[in-house]
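# Geometric and topological summary
As a plain string of letters, each chain reads:
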Amino acid sequence: MNNILGTLGAKGRQIILWLVLPGILLSLASCKEKVVDDGYVWKPLRVTATAYNSFPSQTSKIHPGITAWGDSLKPGMKIIAVSKDLIPLGLEYNTQVKLKGDTGIYWVKDKMHSKWKNRIDIYMGEDKEKALEWGRKKITIHYRVKRDSTEIK
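What you see is a predicted model, and the numbers here were worked out from it, not measured in a lab.

What counts, and at which threshold
Residues numbered from 1 in each chain as written. Predicted model: local features only at pLDDT ≥ 70, side-chain atom pairs only at ≥ 80, totals over all residues. Heavy atoms only, no water. Patch = residues over 30% accessible without salt bridge, like charges linked within 9 Å, V, L, I, M, F, W, Y side chains within 5 Å. Areas by Shrake-Rupley, 256 points an atom, 1.4 Å probe, with all protein chains shown as cover. Salt bridge = Lys/Arg side-chain N within 4 Å of Asp/Glu carboxyl O. Helix = DSSP H or I, 4+ residues; strand = E, 2+ residues; numbered from the N terminus. Core = buried A, V, L, I, M, F, W, Y, C linked by side-chain atoms within 4.5 Å. Buried < 20%, exposed > 50% of the residue type's maximum accessible area, 1.4 Å probe, protein only. Contact = heavy atoms within 4.5 Å. Pairing = 2+ DSSP bridges. Axes fitted to C-alpha atoms, helices over the stretch in contact; angles between N-to-C directions. Polar contact = N/O pair within 3.5 Å; in protein donor to acceptor, adjacent residues only side chain to side chain.

## Here we look at a nonpolar patch on the surface
- Together, Trp42, Ile105 and Trp107 line one region of the surface with nonpolar side chains, adding up to about 240 Å² of accessible area.
- By secondary structure assignment, the location of tryptophan 42 is in strand β1 (residues 40–52).

Structure (structure tokens):
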């Protein structure tokens, strides 16, 4: 192949490039990303979001690094706690959650005291300053739930 291209010269290589390139670009443009229906949807929800640390004063005096569902917390984990009124909506144990403005996926691994409503608590490890800086704000989250099999598309 190199021999053929070498004998064509610069002008010949340019002609071949102009003939081949549009075909390559056309084939790339016609390739569509396959959408895989995995049976799940991402639902939006507006909640109040706060932050917490694994300190005895914020979690449990006996086991500050253990969630209400029994998981061990380690700094760096992307974990959220949910108020109990959100669990029936689909924000149950091990639900994946996206926070608006954050590219990561968080996991529901903890639940909050029943006095809280429409609220999530984002785990910030042992970084108290980071949790205080987060404060309390209203955000939109998206959480992954099984699609209703009776839903009409």
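The discussion continues.
## A closer look at the nonpolar core
- Ile80, Leu91, Val97, Leu99, Ile120, Ile122 and Ile141 are the most contacted members of the largest nonpolar core, which has 20 residues in total.
- Of all elements in the fold, only β1, β2 (79–82), β3 (96–99), β4 (105–111), β5 (119–123) and β6 (137–146) reach the threshold of two or more residues within this core.
- When residues no more than four places from it in sequence are discounted, the contact partners of isoleucine 120 are Val47, Thr48, Ala49, Thr50, Ile80, Ala81, Val82, Leu86, Leu99, Met112, Ile139 and Ile141.

## Focus: the pairing of β3
- As defined by bridge partners, β3 adjoins β4 across three bridges and the pair is classed as antiparallel. The partner of glutamine 96 across the bridge, within β4, is tryptophan 107.
- Here β3 hands over to β4 after five residues, with glycine 101 in that stretch at a positive phi of 90°.
- Direction of pairing for β3 relative to β6: antiparallel, over a ladder of three bridges. Directly across from valine 97, in β6, lies its bridge partner tyrosine 143.

## Some points on the side chain of threonine 48
- Looking at the secondary structure, you find threonine 48 in strand β1.
- Non-local contacts of threonine 48, meaning those with residues more than four positions away in its chain, are made with Asn118, Arg119, Ile120, Arg136, Lys137 and Lys138.

## Regarding the pairing of β1
- The sheet contact formed by β1 and β6 spans 10 bridges and is antiparallel. Bridging across to β6, proline 44 finds its partner in histidine 142.
- Where β1 lies against β5, five bridges are found, and the strand directions are parallel. Looking across to β5, one finds that tyrosine 52 is bridged to tyrosine 123.

## Regarding the sheet that holds β3
- Around the barrel, which closes on itself, the six strands sit in the order β1-β5-β2-β4-β3-β6 with mixed pairing between neighbours. The mean angle between the axes of side-by-side strands here comes to 45°, regardless of whether they run parallel or antiparallel.
- Two elements, β2 and β4, share four bridges in a ladder whose sense is parallel. For isoleucine 79, the partnering residue across the bridge sits in β4 and is tryptophan 107.

## Brief notes about the environment of tyrosine 40
- Residue position: tyrosine 40 is located in strand β1.
- For tyrosine 40, the contacting residues outside a window of four places in its chain are Arg144, Val145, Lys146 and Arg147.

## Let's talk about the side chain of threonine 50
- Relative to the elements of secondary structure, threonine 50 occurs in strand β1.
- A relative accessible area of 8% places threonine 50 in the buried class.
- Here aspartate 121 takes part through its side chain, which lies 2.7 Å from a polar atom of the side chain of threonine 50.
- Among all residues touching threonine 50, those that are not within four sequence positions of it are Arg119, Ile120, Asp121, Ile122, Trp134, Gly135 and Arg136.

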